[in-house]
Amino acid sequence: MARRARAPVSFDLDLAHLPPELRWREWMGRVEAVIFASPTPVTREVLARVVGRDCNLDLIIDDIRAELRGRPYELVAVAGGWQHRTRKSFADAIQLATGLGTTEAKPLSPSEALVLMGIGYFQPITRGALSQFFGKEISRDVIGHLRRLGFIAAGPRAPQPGAPYTYVTTKAFLSHFGLNTLRDLPDMDALEDAGLLSKERLLAGGIPLGLMADEPDEEETEDVETDEES
């Protein structure tokens, strides 16, 4: 277990001098302030630095969420932490007033979305294995675009001839799609039962032609190295 960060001497974590109710309110305020000030999801380890050892962070989060009911923003669990996000029902109003969202990157194409789905469910997975799964050669351009968006990164090398790189999803992937962990991905069997996904159709090649590479080539072993993430 990671060592708890040392708090400044003048910073009172436990607030033992306060009545229980006031102590709890102060902890709630600290936790919400830290989350509000951060541009990225805040982990449990970070929040633990500003509350007492007897503070139950899960109950703190529950109480903050309860107070935010009816507000235009909420506290969500995403990418292994918590973050304030405006509610989706206010997206049109925000865009109309501020223009936010009008210059965002274009949404994923059907081809890219399918490849990202395959990586999400079967990671770590090589481009060659993705090609075998879909029955068509997966373009390097599709993989490269997903990497540039920050949704995937190079994983460990596969234990096979040539030791090609595998691909895995990132925290940016979790954050973008509102997932806390990969366990939050919809169950594939449930998607099939709901008629939203057909493994047989995917395996039969029922995917957009854009997934096909211009020229089939050998599994990459060094192209990932040129932009390998630290």
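The following refers to the structure shown. Source: prediction; values computed, not measured.

A closer look at helix α6 (residues 127-134)
(1) Moving on: For α6, the set of buried residues is Arg 127, Leu 130, Ser 131, Phe 133 and Phe 134. Each buried residue of α6 lies within a common arc of 160° when the element is viewed along its axis, so the set occupies one face.

Here's the deal with the packing of aromatic side chains
(1) Moving on: Here the structure, examined in full by the defined rule, presents 5 aromatic pairs.
(2) Moving on: Here Phe 122 and Phe 133 contribute two aromatic rings whose centre-to-centre distance is 5.1 Å and whose plane-to-plane angle is 50°, an arrangement assigned as tilted. Residue Phe 122 is located in helix α5 (residues 110-122), and its partner Phe 133 is located in helix α6; the two are separated by 11 residues in the primary sequence.
(3) Moving on: Of the residues examined, Phe 122 reaches a relative accessible area of 34% and is grouped as partly exposed.
(4) Moving on: A relative accessible area of 18% places Phe 133 in the buried class.
(5) Moving on: Between Phe 173 and Phe 177 the ring centres are 5.2 Å apart and the planes differ by 55°, which places this aromatic pair in the tilted class.

So, the pairing of strand β4 (residues 165-169)
(1) Moving on: With 5 of its 5 residues buried, β4 lies for the most part within the structure.
(2) Moving on: Residues Tyr 165, Tyr 167 and Thr 169 point to one face of β4 and Thr 166 and Val 168 to the other, with burial holding for every one of them.
(3) Moving on: Sheet topology places strand β3 (residues 152-157) next to β4; 4 bridges connect them, and they run antiparallel. Across the sheet, Arg 157 pairs through a bridge with Tyr 165, a residue of β4.

Section: the packing of α5 against helix α7 (residues 140-148)
(1) Moving on: Put simply, α5 and α7 touch, their axes get as near as 10 Å, and they point 75° apart. Looking at the two axes, α5 sits roughly perpendicular to α7. Seen from α5, the contacting residues are Glu 112, Val 115, Leu 116 and Ile 119; seen from α7, they are Val 142, Ile 143, His 145 and Leu 146.
(2) Moving on: Across the contact of α5 with α7, the residue classes tally to 6 nonpolar, 1 polar and 1 charged.

What to know about the pattern of salt bridges
(1) Moving on: Tallied over the full model, the rule gives 5 salt bridges.
(2) Moving on: With a shortest N-O distance of 3.2 Å, Arg 30 and Glu 26 are connected by a salt bridge. Pair noted here: Arg 30 and Glu 26 are both in helix α1 (residues 20-37), with a separation of 4 residues, about one helical turn.
(3) Moving on: Residue Arg 30 is classed as buried on the basis of its relative accessible area, which comes to 12%.
(4) Moving on: Of the charged contacts in the structure, one is a salt bridge between Glu 74 and Arg 87, with a shortest N-O distance of 3.1 Å. Of this pair, Glu 74 sits in strand β1 (residues 73-78) while Arg 87 sits in the loop between β2 (81-86) and α4 (91-98), placing them 13 residues apart in sequence.

Considering the nonpolar core
(1) Moving on: Membership of the largest hydrophobic core comes to 23 residues, with the highest contact counts inside it found for Val 115, Ile 119, Leu 130, Ile 143, Leu 146, Ile 152 and Phe 173.
(2) Moving on: Residue assignment for this core shows that the elements contributing at least two residues are β1, α5, α6, α7 and α8 (171-176).
(3) Moving on: Considering each element in turn, this core owes the most residues, 5 residues, to α5.
(4) Moving on: Residue contacts for Leu 146: discarding those within four places in its chain leaves Leu 108, Glu 112, Val 115, Leu 116, Phe 151 and Ile 152.
(5) Moving on: Trp 27, Ala 48, Ile 61 and Ile 64 belong to the second largest nonpolar core, which has 18 residues in total.

So, the side chain of Ser 131
(1) Moving on: Structurally, the position occupied by Ser 131 is in helix α6.
(2) Moving on: Taking relative accessible area as the criterion, Ser 131 reaches 9% and is therefore assigned buried.
(3) Moving on: Apart from the residues within four sequence positions on either side, Ser 131 is in contact with Lys 136, Glu 137 and Ile 138.

Reading guide: rules and limits
- Residues numbered from 1 in each chain as written.
- Predicted model: local features only at pLDDT ≥ 70, side-chain atom pairs only at ≥ 80, totals over all residues.
- Heavy atoms only, no water.
- Buried < 20%, exposed > 50% of the residue type's maximum accessible area, 1.4 Å probe, protein only.
- Helix = DSSP H or I, 4+ residues; strand = E, 2+ residues; numbered from the N terminus.
- Arc of directions from axis to C-beta.
- Phe/Tyr/Trp six-rings, centres within 6.5 Å; stacked < 30°, edge-to-face > 60°.
- Pairing = 2+ DSSP bridges.
- Axes fitted to C-alpha atoms, helices over the stretch in contact; angles between N-to-C directions.
- Parallel < 35°, antiparallel > 145°, perpendicular 65-115°, else oblique.
- Contact = heavy atoms within 4.5 Å.
- Nonpolar A, V, L, I, M, F, W, Y, C, P; charged D, E, K, R; others polar.
- Salt bridge = Lys/Arg side-chain N within 4 Å of Asp/Glu carboxyl O.
- Core = buried A, V, L, I, M, F, W, Y, C linked by side-chain atoms within 4.5 Å.

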